[in-house]
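Report on the structure
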Amino acid sequence: MSWGGWGEFWAMGGKGFYVWGAYAVTLAALALEVYFLRRRSRETKA
Amino acid sequence: MSTAIRWFWYASPQTFFPLAGRIAAACWVGAALLAAAGLYVGFFVAPTDAQQGEVYRVIFIHVPAAWMSMFLYLVMACWAAIGLAFNTRLSSMMASAIAPTGALFTFLALWTGALWGRPTWGTYWVWDARLTSELILLFLYLGFMALQAAIEDPRRADRAGAVLAIVGAVNVPIIYYSVQWWNTLHQGASVSLTRAPSMASSMLTGMLLMALAFWLYSIAASLTRVRCIIRERE
């Protein structure tokens, strides 16, 4: 895409809610899995 | 000869444990680097889609997540089948370790698909063959996990889960071919092995980089989880 500043980037052509809603939940889900895996690793090590 | 011996060597959970740790560490790093590259290409290099505008950028996670959801199920069913046939503990542990990550990617495929569908089709959800069979896949993963959690003896849980996983595998080709077999709202494949992809090359690059990142992420998460399972059981 042609760069038109951060405002335009976050707006995603008016579809920001859908694009960032998809990316935010994906990031959160993967981060949660990593968090729970680390916790389980620590617990099983002890 | 020597490779055959090494495979049996690593079939033992104790000898596999340190190897799994090393592979997982490398895959975590690889997944992070590939995801960074994929997101850069996806948001800063790939052009705006002529028909869909910017919202198509959801496909950089939607398509890889959907691929992983189906692929991980087949890998899980294969490990479960090997565990059932040869009574190898590690194979069954691998199946159990893959299930939560597979379920996660199935959920993400549905979630990102819904958020893409609303502005593109005008609806978050329809009961067409592709979406419905993908939802069934999520229930198969959850059913596998619930069944294993409900049975106290791990070896019996492995066998019961394996039967469910193997029977459920029939759903994967149904998902994959659903867009050809039925008249679905979901579009057909834009990328296939048999013909040139119907999208700009930078879009394809971004998607493939994200797919590789999800691959390495899945390997890292599954191997980290199998190490926990080995510690818990052995």
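Residues numbered from 1 in each chain as written. Chains lettered and ligands numbered in written order. Predicted model: local features only at pLDDT ≥ 70, side-chain atom pairs only at ≥ 80, totals over all residues.

1. Some remarks on the overall build of chain A
- Helix and strand counts for chain A come out as two helices and zero strands.
- Projecting the C-alpha coordinates of chain A onto the three principal axes gives extents of approximately 50 × 15 × 15 Å.
- Counting over 46 residues, chain A shows a buried share of 17%. (Helix = DSSP H or I, 4+ residues; strand = E, 2+ residues; numbered from the N terminus. Buried ≥ 20, exposed ≤ 12 C-beta atoms within 10 Å, placed from the backbone.)

2. What to know about the overall build of chain B
- When its secondary structure is counted, chain B shows eight helices and zero strands.
- Tracing chain B from N to C terminus, the helices and strands come up as α-α-α-α-α-α-α-α.
- Dimensions of chain B along its principal axes, counting C-alpha atoms only, are 55 × 35 × 30 Å.
- Classification of the 234 residues of chain B by burial places 42% in the buried group.
- A sequence separation of at least 24 residues applies to 78% of the contacts in chain B between residues at least 6 apart. (Contact = placed C-beta atoms within 7 Å.)

3. Remarks on the interface of chain B and chain A
- Facing 24 residues of chain B, the contacting portion of chain A comprises 19 residues.
- Elements with a minimum of two residues in the side of chain B that touches chain A: α4 (89-121) and α8 (201-233) of chain B.
- It is α4 of chain B that contributes the most residues to the side of chain B that touches chain A, nine residues altogether.
- When its residues are assigned to classes, the side of chain B that touches chain A shows 13 nonpolar, five polar and six charged. (Nonpolar A, V, L, I, M, F, W, Y, C, P; charged D, E, K, R; others polar.)

4. So, unusual backbone geometry
- Here M12 of chain A, not a glycine, exhibits a phi torsion of approximately 50 degrees, which is positive.
- Phi is positive for N87 of chain B, which is not a glycine, with a value near 60 degrees.
- Examined against the element boundaries, N87 of chain B turns out to sit in the loop between α3 (59-86) and α4.
- The exposure class of N87 of chain B is exposed, given the 12 C-beta atoms found within 10 Å.

5. Concerning α3 of chain B
- Between the first and last C-alpha of α3 of chain B there are 40 Å, a value that for 28 residues agrees with the 40 Å anticipated at 1.5 Å per step.
- At the C-terminal side of α3 of chain B, N87 of chain B shows a positive phi close to 60 degrees. (Expected span 1.5 Å × (residues − 1).)

6. Some details on the nonpolar core
- V58, M76, A95, M210, A213 and A220 of chain B are the most contacted members of the largest nonpolar core, which has 72 residues in total.
- Elements supplying a minimum of two residues to this core: α2 (16-45) of chain A together with α2 (13-45), α3, α4, α5 (129-150), α6 (154-168) and α8 of chain B.
- Considering every element that reaches this core, the biggest residue donor is α4 of chain B, with 17 residues.
- Excluding residues within four positions of it along the chain, A220 of chain B makes contact with A24, C27, W28 and A31 of chain B. (Core = buried A, V, L, I, M, F, W, Y, C linked by C-beta atoms within 7 Å.)

7. With respect to the packing of α2 of chain A against α8 of chain B
- Two elements in contact, α2 of chain A and α8 of chain B, have axes whose closest approach is 9 Å; the angle formed by their N-to-C orientations is 25 degrees. Between α2 of chain A and α8 of chain B, the angle is such that the two are roughly parallel. Pair α2 of chain A / α8 of chain B crosses with left-handed handedness. Only Y217, A221, T224, R225, C228, R231 and E232 of chain B of α8 of chain B make contact with α2 of chain A, whose side of the interface consists of L30, E33, L37, R40, S41, T44 and K45 of chain A. (Axes fitted to C-alpha atoms, helices over the stretch in contact; angles between N-to-C directions. Parallel < 35°, antiparallel > 145°, perpendicular 65-115°, else oblique. Left-handed = near helix turned anticlockwise from the far one by under 90°.)

8. Regarding the environment of I219 of chain B
Residues and elements named next belong to chain B.
- Examined against the element boundaries, I219 turns out to sit in helix α8.
- Under the C-beta neighbour-count criterion, I219 is labelled buried, with 21 such atoms within 10 Å.
- Sequence separation between I219 and A24 is 195 residues; the distance between their C-alpha atoms is 6.8 Å.
- In this structure I219 touches I23 and C27, once residues within four positions along its chain are discounted.

9. Side note on the confidence of the model for chain B
- For chain B, per-residue confidence averages 92 on the pLDDT scale, and residues scoring 70 or more make up 95% of the total.
- Both scores are available for the predicted complex, with the pTM at 0.92 and the ipTM at 0.92. (pLDDT = per-residue confidence, 0-100.)

10. Quick word on the environment of S202 of chain B
Residue and element names in this part refer to chain B.
- Relative to the assigned elements, S202 resides in helix α8.
- On the neighbour-count criterion, S202 (14 C-beta atoms within 10 Å) is partly exposed.
- Between the C-alpha atoms of S202 and R156, which are 46 residues apart in sequence, the distance is 49 Å.
- If sequence neighbours within four positions are ignored, S202 has contacts with V41, V45, A46 and P47.

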